[in-house]
Amino acid sequence: MNVDLKQLTRDLAERVGEENAFSDRPTVLAYAKDTMPWDVEAHHMPYAVVRPADARETAAVLAYANDRKIPVHTHGSGTSLVGLGRPKTNAIVLDTGRMQELSVFSERGYFEVGPGMHIGKLRKALAPYNALLPVFPGSEPVATIGGSIAVNTSAHAVDASIGKPGDYVLGLEAVLPTGEILQTGTQSTRKPAGIEATKFLVGSEGLLCVITKIRMRIIPRPHMANIVAHYRSTEDILDTVMTMYRQGVPTPLFFEYLDEKAARIGFEAVGLAPPTGAVAMMSMHSATEAGCREKARLFLEFLQGSSATDSRIVTDEAEWGKIWSSRSEAGNYVYRLGSTFGSEVTPRVDKLKEAFREAKQIILNLESVQGNEFVSFGHIGAPTIHAYAFLPTKDIPNEVKKAVTLEVREKTEALNVKYGGCGGEWGLTAQRAGFLMKKFGPAYVEVLTRLKRAFDPENILNRGNLEGWL
Ligand SMILES: Cc1cc2nc3c(=O)[nH]c(=O)nc-3n(C[C@H](O)[C@H](O)[C@H](O)COP(=O)(O)OP(=O)(O)OC[C@H]3O[C@@H](n4cnc5c(N)ncnc54)[C@H](O)[C@@H]3O)c2cc1C
């Protein structure tokens with residue numbers, strides 16, 4: 001596509017202001033990359049970056065791009081771990097960062113927020129209203145609320161405990177690629193029944209619209225009680241999760257684990273004695289302190305009947321802070337100190353152990369690369385198995401990175417097909433479009449494709465993500 005960059009930048013500046021339209025190389029390069037380890041290639045480079053102030057300016061940019069069939073990629077903070085965050089074609093990147101207005105209507109039981117506000121900042125702003133923000137990615141200091149609602153990811157929180165953030169979204173302001181501004185949902189705390197557009201747009205991964213405002217219910221912040229449990233092996237933790245669901249034990253809000261290697265790395269990093277086995281950490285929640293204590297006591301009783309070698313309620317906040325951050329330290333190890341190729345396997349609970357064993361074997365026997373480590377940690381209570389192939393170097397040719405990505409993805413996706421899973425937090429398109437075909441077949445993919453076409457006839461939004469890439 002031949003695009004006159006100077007003219008494009010002038011036209012965009014007319015719509016969002018000169019100070020919010022960029023096409024200089026350093027700026028566009030920063031938006032060409034996401035958190036994934038593969039290199040930026042020519043087709044990732046944006047034509048330009050715009051930072052609209054609101055729905056009206058967003059509509060002006062989209063209508064302009066749509067008329068000229070220029071792709072537009074929506075950017076929250078670009079922290080998505082599965083390729084959603086990187087433009088797949090040369091495109092206008094639409095950065096939501098200026099849309100950060102927050103209005104709290106406690107008398108109506110909800111708040112409204114612009115998509116560009118960082119999750120950590122929003123959590124702080126909601127604290128005086130005693131509100132729980134039901135979104136907890138490890139990236140919360142930088143990830144945006146818009147990115148999280150666009151993917152519908154609850155991260156640490158166990159779905160069976162409080163559900164997904166989308167369950168709390170009452171309505172949206174969203175701009176269609178053709179430039180119309182939609183208002184969806186309700187101002188009541190009661191969500192509409194039946195067919196209603198909010199349901200299609202939450203979790204639409206930037207394929208159908210740009211979300212410019214989110215209306216979310218205020219959830220009273222619960223009390224929490226935290227538990228740490230030590231196990232000889234990761235497999236013993238998996239047994240506990242399976243038993244928890246089988247016996248109908250109330251699921252914790254957070255139920256995280258560190259496998260043997262991640263536990264050692266994480267605990268050492270925060271200055272705690274390295275454990276000899278694997279570690280699980282759980283947070284129980286309840287409306288009252290007494291209710292929380294009782295819930296934690298009952299869960300501890302359950303753990304003491306499991307194969308945990310030691311389990312206890314952690315009352316010292318400083319100690320819990322260290323235990324909890326050992327998990328992000330393990331994350332820093334795999335994300336920062338080398339090249340990591342991650343997978344998300346969400347099997348049927350009764351197949352958790354089989355799926356974990358197979359995932360481990362896949363990672364340890366890759367054909368595309370040798371010498372990698374197997375590391376696993378994350379939201380096991382959900383249940384999610386993150387099986388990481390970690391190479392302790394960043395110095396790998398791009399072709400090898402792509403080959404490893406493909407192999408890890410295809411083989412672990414086959415586990416999701418085999419064991420009934422569908423992924424729970426990383427989005428279903430971009431890297432995973434082929435998975436949808438394997439799991440659900442051509443009729444399903446055709447419905448998605450038609451839905452996309454109905455909203456976005458020129459396929460300008462996040463072009464390449466639904467088609468799949470690599
Ligand atoms: C260290 C680290 C830890 C993480 N931990 C977790 C975790 O525990 N659980 C988890 O689920 N994820 C986790 N993530 C992934 C990521 O942070 C989340 O997916 C996050 O929700 C993405 O937010 P973002 O603002 O970066 O969105 P982006 O990556 O910018 O965008 C994600 C997708 O949403 C679209 N989008 C963004 N904003 C809008 C909008 N306003 N309207 C329409 N579409 C939009 C984009 O086009 C893209 O397709 C982690 C990432 C890192 C780097």
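Cut-offs used in this document
Residues numbered from 1 in each chain as written. Predicted model: local features only at pLDDT ≥ 70, side-chain atom pairs only at ≥ 80, totals over all residues. Helix = DSSP H or I, 4+ residues; strand = E, 2+ residues; numbered from the N terminus. Rg over C-alpha atoms; globule rule 2.2 N^0.38 Å. Buried ≥ 20, exposed ≤ 12 C-beta atoms within 10 Å, placed from the backbone. Near = placed C-beta within 6 Å. Nonpolar A, V, L, I, M, F, W, Y, C, P; charged D, E, K, R; others polar. Pairing = 2+ DSSP bridges. Axes fitted to C-alpha atoms, helices over the stretch in contact; angles between N-to-C directions. Parallel < 35°, antiparallel > 145°, perpendicular 65-115°, else oblique. Left-handed = near helix turned anticlockwise from the far one by under 90°. Contact = placed C-beta atoms within 7 Å. Domains from an automatic or database assignment.

*Asks:* How would you summarise the overall build of the protein if you had to cite specific residues and measurements?
*Replies:* Counting its secondary structure elements, the protein contains 15 helices and 19 strands. Since a compact globule built from 470 residues should have a radius of gyration of about 23 Å, the 22 Å found for the protein is in line with a globular shape. Overall size of the protein, expressed as C-alpha extent along the three principal axes, is 65 × 60 × 45 Å. In the protein, which comprises 470 residues, the proportion classed as buried is 49%.

*Asks:* Quick rundown of the site of the ligand? Include the residues and the values.
*Replies:* The environment of the ligand is made up of 34 residues, and the closest members are Gly76, Gly146, Gly147, Gly206 and Glu425. Counting residues per element, the shell around the ligand draws most heavily on helix 5 (residues 145-151), which supplies 5 residues. The residue makeup of the shell around the ligand, split by class, is 11 nonpolar, 21 polar and 2 charged.

*Asks:* Which residues make up unusual backbone geometry, and what values do they have?
*Replies:* Omega for the peptide link from alanine 382 to proline 383 comes to -5°, which places this bond in the cis form. Tracing the chain through its elements places proline 383 in the loop between strand 18 (373-378) and strand 19 (385-391). Its identity is not glycine, yet alanine 155 carries a phi of approximately 60°, on the positive side. With respect to the helices, strands and loops of the structure, alanine 155 is situated in the loop between helix 5 and helix 6 (159-162). Using a count of 23 C-beta atoms within 10 Å as the deciding quantity, one classes alanine 155 as buried.

*Asks:* How would you explain the pairing of strand 4 (residues 92-95) if you had to name every residue and give the values?
*Replies:* Alternating residues of strand 4 divide into Ile92 and Leu94 and Val93 and Asp95, and every residue in both groups is buried. Alignment of strand 3 (residues 72-75) against strand 4, held across 4 bridges, turns out to be parallel. For histidine 75, the partnering residue across the bridge sits in strand 4 and is aspartate 95.

*Asks:* Describe the packing of helix 8 (residues 234-247) against helix 12 (residues 352-364), with residues and values.
*Replies:* The N-to-C vectors of helix 8 and helix 12 enclose an angle of 150°; their axes lie 9 Å apart at closest approach. In terms of axis orientation, helix 8 runs roughly antiparallel to helix 12. As for the relative orientation of helix 8 and helix 12, their crossing is right-handed in sense. In this structure, helix 8 uses Glu235, Leu238, Val241 and Met242 to contact helix 12, whose residues at the interface are Leu352, Lys353 and Phe356. The residue makeup of the contact of helix 8 with helix 12, split by class, is 5 nonpolar, no polar and 2 charged.

*Asks:* Which residues make up the environment of alanine 273, and what values go with them?
*Replies:* Relative to the helices and strands, alanine 273 resides in the loop between helix 9 (260-269) and strand 14 (278-286). For alanine 273, a count of 7 C-beta atoms within 10 Å gives the class exposed. Residues alanine 273 and glutamate 196 lie 77 residues apart in sequence; the distance between their C-alpha atoms is 52 Å.

*Asks:* So, helix 9: which residues are in play, and what are the values?
*Replies:* An α-helical turn contains 3.6 residues, so any two residues separated by three or four positions project in the same direction. Residues of helix 9 that are buried include every one of Ala262, Ala263, Ile265, Gly266 and Phe267, and no others. For helix 9, the secondary structure elements touched by its buried residues are strand 13 (254-258), strand 14, helix 11 (317-336) and strand 18. Positioned one or two residues after helix 9, glycine 271 has a phi angle of 85°, which is positive.

*Asks:* An account of the domain arrangement of the protein is requested, with residue identities and associated values reported.
*Replies:* By a widespread convention, an interface's size corresponds to the accessible area lost as its parts come together. Split into domains, the protein comes out as domain 1 (5-97), domain 2 (102-220), domain 3 (223-335) and domain 4 (346-376 + 384-424). Here the C-alpha centroids of domain 1 and domain 2 sit 23 Å apart. The interface of domain 1 with domain 2 comprises 16 residues on the first partner and 19 residues on the second. If one sorts the elements of the side of domain 1 that touches domain 2 by residue count, helix 3 (residues 55-68) sits on top with 6 residues.

*Asks:* I'd love a proper account of the sheet that holds strand 10 (residues 210-217), names of residues and values included.
*Replies:* Spatially, 5-6-10-8-9 is the arrangement adopted by the 5 strands of the open sheet, whose pairing is antiparallel. Pairing within the sheet leaves two strands with one partner each, and these edge strands are strand 5 (102-105) and strand 9 (181-183). Direction aside, the axes of adjacent strands within the sheet are offset by 15° on average. In this sheet, strand 10 lies alongside strand 6 (residues 110-113) in antiparallel orientation, the contact comprising 4 bridges. Looking at the pairing, phenylalanine 111 lines up with methionine 216 of strand 10. Where helix 3 meets the sheet, it contacts strand 8 (169-175), strand 9 and strand 10, and its direction lies at approximately 45° from that of strand 8.

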